Amino acid sequence: MAELPQIAILGAGIFVRTQYIPRLAEISNLFVLKAIWSRSEESARGAVEIARKFFPEVKCKWGDGGLDEIIKDNSIIGVAVVLAGQTQVEVSLRMLKEGKHVLQEKPAAASINEAELALSSYHSLSSNLSYKPFWAVAENYRFEPAFVEGKKLMSEIGDIMNVQLIVEGSMNSSNPYYSSSWRRNFTGGFILDMGVHFIAGLRMLVGCEITSVSALTSHVDLNLPPPDNISSTFQLETGCSGVFVMVVSSRSPKVLWRVVGLNGTLQIERGSVDGKHGYSLSLCMAGGEKKSFFHPFSGVTEELKTFFFDISQATLKNDNDHKVEPRLSFVEGARDVAVLDAMLESGTKQGIPVQVKRF
């Protein structure tokens, strides 16, 4: 046990209860869950009650006092920050300044301005600490097997001619996140909170950055925060163009990425096979050859395993040269936010082209 990294979870909401705790239970041999914290005692106790089925020794912490106890506990070397989007960066930086490695839930920041200020603060930490703790952003799409495999297959379709990303979401009253107050008061609403996932998958597949966008936004479903629809064209740094269309709530949900190349087409579509939810990956070549695969969801588990490995290498094995896995880096998360930030800005300006901030 002494050789395993000890961690705490900051947050006790829906995602912690339904995803973090079950996924952590699958890999409980890789770490020690020491505490779960929330602003309220009731929320913290609710999450701990679920977690104790798998982690009987986990402690319950809440409020300012509980957070201070976690900060002062030197045995806790890493924290997962799973809080409202408006407060995550502030709490993450507080933990980092205390020398704790951080895995922060997406989005990396609420805006590009916040991301820039956050990175500046993070880079200044080295003057006060003997080492720089890792700041990772949990973007499970970069760890989903379908995107890992898809990225490998991209070379087969040749030079990219066009990219299409179509998202018809299902954010209605039956969705557990529908009533989430922080998402409804979040600049960009569900477009930013949900959209970073889809942009992450897109950027991973094409293997280059989006340089400029032109978007139109609208607010049709008044039960959702604005905007709830976005249609954008974008240009990659290679010169190739593409389209991104997102409807927050559709009666017929669909999510797909389609990349058309000179030699073939690669497509990833969300769906289910034999009761398992995941992604169907298909490759259609010019000569008529076809390949198809189905990969169940496992990105959350894979990103958690990677984070535990990285902090174990850096802290427990005293490897100061060990770097966090690039797919987890805060900068990667900030780049996803930058694309959507530019699209939302363009939407407020009736589609005027906007350059995407480079990190």
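Structure first, text after, so check above.
Remember, predicted model here, so these are calculated numbers, not experimental data. Every chain's residues receive numbers from 1 upward, in the order its sequence appears when written. Owing to the predicted nature of the model, reporting of local features is limited to residues with pLDDT of at least 70; listing and counting of side-chain atom pairs is limited to 80 or more, with chain, interface and lining totals taken over all residues. To obtain the side-chain values, all non-hydrogen atoms of the structure were used and water was disregarded.

### Side note on the pattern of salt bridges
Part 1: What counts as a salt bridge is simple: a side-chain nitrogen of Lys or Arg found within 4 Å of a carboxyl oxygen of Asp or Glu. Tallied over the entire structure, the rule returns 19 salt bridges.
Part 2: Ionic pairing is found between Lys254 and Glu269, a salt bridge with its closest N-O pair at 2.8 Å. Of this pair, Lys254 sits in strand S11 (residues 249-261) while Glu269 sits in strand S12 (residues 264-273), and the two are 15 residues apart along the sequence.
Part 3: Burial status follows relative accessibility: with a 1.4 Å probe on protein chains alone, a residue under 20% of its type maximum counts as buried, one over 50% as exposed, and anything between as partly exposed. Judged by relative accessible area, which is 35%, Lys254 ranks as partly exposed.
Part 4: Under the relative-accessibility criterion, Glu269 is labelled partly exposed at 23%. A run of H or I in DSSP counts as a helix once it spans at least four residues, and a run of E counts as a strand once it spans at least two, with each numbered from the N terminus.

### Regarding the sheet that holds strand S8 (residues 210-218)
In a beta sheet, neighbouring strands pair by backbone hydrogen bonds and run either parallel or antiparallel.
Part 1: Only strands joined by at least two bridges in the DSSP assignment are considered to pair. In space, the 9 strands of this open sheet follow the order S14-S13-S12-S11-S7-S10-S9-S8-S15, with mixed pairing throughout. The two strands at the open ends of the sheet, each matched to only one other strand, are strand S14 (290-296) and strand S15 (354-355).
Part 2: Here strand S7 (residues 160-170) pairs with strand S10 (residues 241-247) via 7 bridges, running parallel. Each residue of the ladder has a partner; that of Val163, found in S10, is Gly242.
Part 3: Any two residues whose heavy atoms approach within 4.5 Å at even a single point are treated as in contact. Interaxial angle, 0 to 180 degrees, is taken between N-to-C directions of lines fitted to C-alpha atoms, where a helix line uses only the stretch in contact. Along the sheet face, helix H6 (residues 145-153) touches S11, S12, strand S13 (276-285) and S14 and points at about 10° away from the line of S13.
Part 4: Along the sheet, helix H10 (residues 330-348) makes contact with S8, strand S9 (229-236), S10 and S15, crossing S8 at roughly 45°.

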